[in-house]
Amino acid sequence: MRTFLRTADGVPVESVYDPGAGAVYEGFAGPLGVPSGACRDLAFVIAHGFTGDVDRPHVRRVAGVLRGHGAVVTFSFRGHGRSGGRSTVGDKEVLDLVAAVEWARRLGHARVVTVGFSMGGSVVLRHAALCPGTVDAVVSVSSPARWYYRGTAPMRRLHWLVTRPAGRLVGRYGLRTRIHHRDWDPVPLSPVRAASRIAPTPLLIVHGDRDGYFPLDHPRMLAEAAGGHGELWIEAGMGHAEHAADDALVARIADWAVSAAG
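Because the structure is a prediction, the values reported are computed rather than measured.

Counting 48 residues, the largest nonpolar core has V45, F50, V73, F75, L97 and L203 as the members making the most contacts within it. It is helix α2 (residues 93-106) that provides the largest number of residues to this core, a total of eight residues. When sequence neighbours within four positions are dropped, the list of residues in contact with L203 reads L125, V138, A195, I198, A226, H229, G230, E231 and W256. With 27 residues, the next largest nonpolar core counts V206, W233, L249 and A261 among its residues.

Take a look at the structure:
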């Protein structure tokens, strides 16, 4: 089922619901076409990385693995794909995730787990900190720990893409990503500070030891901030975000989420 959700600030966000393997539709009810016979237990809400969208093959692949463990909500962040608005690179995107999580609840799911990658990984951390009690577990993959990091070549290229008019043109026409021209004001809560505020919600931090964007001090900072409610997986040979998360890793993440979400 595909629809557009409306965020608190009025942005239409394209979203897709998959009731999961084995779920049966018995009909539709409600203004959003809610499947009345859908799976009523666990739902994963996937928050993709920067320049991704709901129809990117790597997002659909991750969703395909997770659907074997529960229902799946995918969506395109603002400024990405067919969603409205412009990307704020992790700031207002929290409102997009709020809308997706609320949709999963309206569909009747008693347990909701957010799974975010890169930019989406920082968004799920901030969402859990700013909206306590709204999700049952959080998985953050390949997230930065701090803002404005420029210590790697890929991150220096990303900053050029976001901060320069020429870069935003490349984003719009080359990467299907419309980027807002304004700087953050105020600067949003950092991922590492967010991680310290998520407890008692279970948190899993996943990072590859070959991540070309963020070195290993980032996940270690997040795990230290999370304390006893955070679990850290450093994955040997893994690169960055959805592209690098193979099916076996996604299945392990799903198993962790099923257990952690109770």
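From this point, the narrative continues.
All right, on to the pattern of salt bridges then. The tally for this structure, following the rule as stated, stands at 15 salt bridges. Salt-bridge contacts for R176 lead to D53; the nearest nitrogen and oxygen are separated by 2.3 Å. Here D53 lies in the loop between β5 (42-47) and α1 (57-66) and R176 lies in the loop between α5 (165-174) and α6 (191-195), a separation of 123 residues in the sequence. We classify R176 as partly exposed; its relative accessible area is 44%.

Our next topic: the environment of R168. Positionally, R168 belongs in helix α5. In this structure the C-alpha to C-alpha distance between R168 and G84, which are 84 residues apart in sequence, comes to 16 Å. Setting aside residues up to four positions removed in sequence, R168 forms contacts with L161, V162, T163, I179, H180 and H181.

Let us look at the packing of aromatic side chains. All told, the structure shown has six aromatic pairs when counted by the stated rule. With a centroid separation of 6.0 Å and an interplanar angle of 65 degrees, the aromatic rings of Y17 and W103 are classed as edge-to-face. Linking Y17 in strand β2 (residues 12-18) with W103 in helix α2, this pair joins segments that are 86 residues apart in sequence. The pair formed by Y17 and W103 is uniform in burial state, with each residue classed as buried. Between F75 and F77, the ring centres sit 5.0 Å apart and the planes meet at 85 degrees, which makes this aromatic pair edge-to-face. Residues F75 and F77 agree in their burial class; the two are buried. An aromatic cluster is defined as three or more aromatic residues linked by ring pairs; in this entry it consists of W147, Y148 and W184.

Running from amino to carboxyl end, α2 crosses helix α3 (residues 119-130) at an angle of 70 degrees, the nearest separation of the two axes being 9 Å. The orientation of α2 relative to α3 falls into the category roughly perpendicular. Of the residues in α3, those in contact with E93, V94, L97, V98 and V101 of α2 are M119, V123, V124, R126 and H127. Looking at the contact of α2 with α3, its residues break down into seven nonpolar, one polar and two charged.

Parameters at a glance
- Residues numbered from 1 in each chain as written.
- Predicted model: local features only at pLDDT ≥ 70, side-chain atom pairs only at ≥ 80, totals over all residues.
- Heavy atoms only, no water.
- Core = buried A, V, L, I, M, F, W, Y, C linked by side-chain atoms within 4.5 Å.
- Buried < 20%, exposed > 50% of the residue type's maximum accessible area, 1.4 Å probe, protein only.
- Helix = DSSP H or I, 4+ residues; strand = E, 2+ residues; numbered from the N terminus.
- Contact = heavy atoms within 4.5 Å.
- Salt bridge = Lys/Arg side-chain N within 4 Å of Asp/Glu carboxyl O.
- Phe/Tyr/Trp six-rings, centres within 6.5 Å; stacked < 30°, edge-to-face > 60°.
- Axes fitted to C-alpha atoms, helices over the stretch in contact; angles between N-to-C directions.
- Parallel < 35°, antiparallel > 145°, perpendicular 65-115°, else oblique.
- Nonpolar A, V, L, I, M, F, W, Y, C, P; charged D, E, K, R; others polar.

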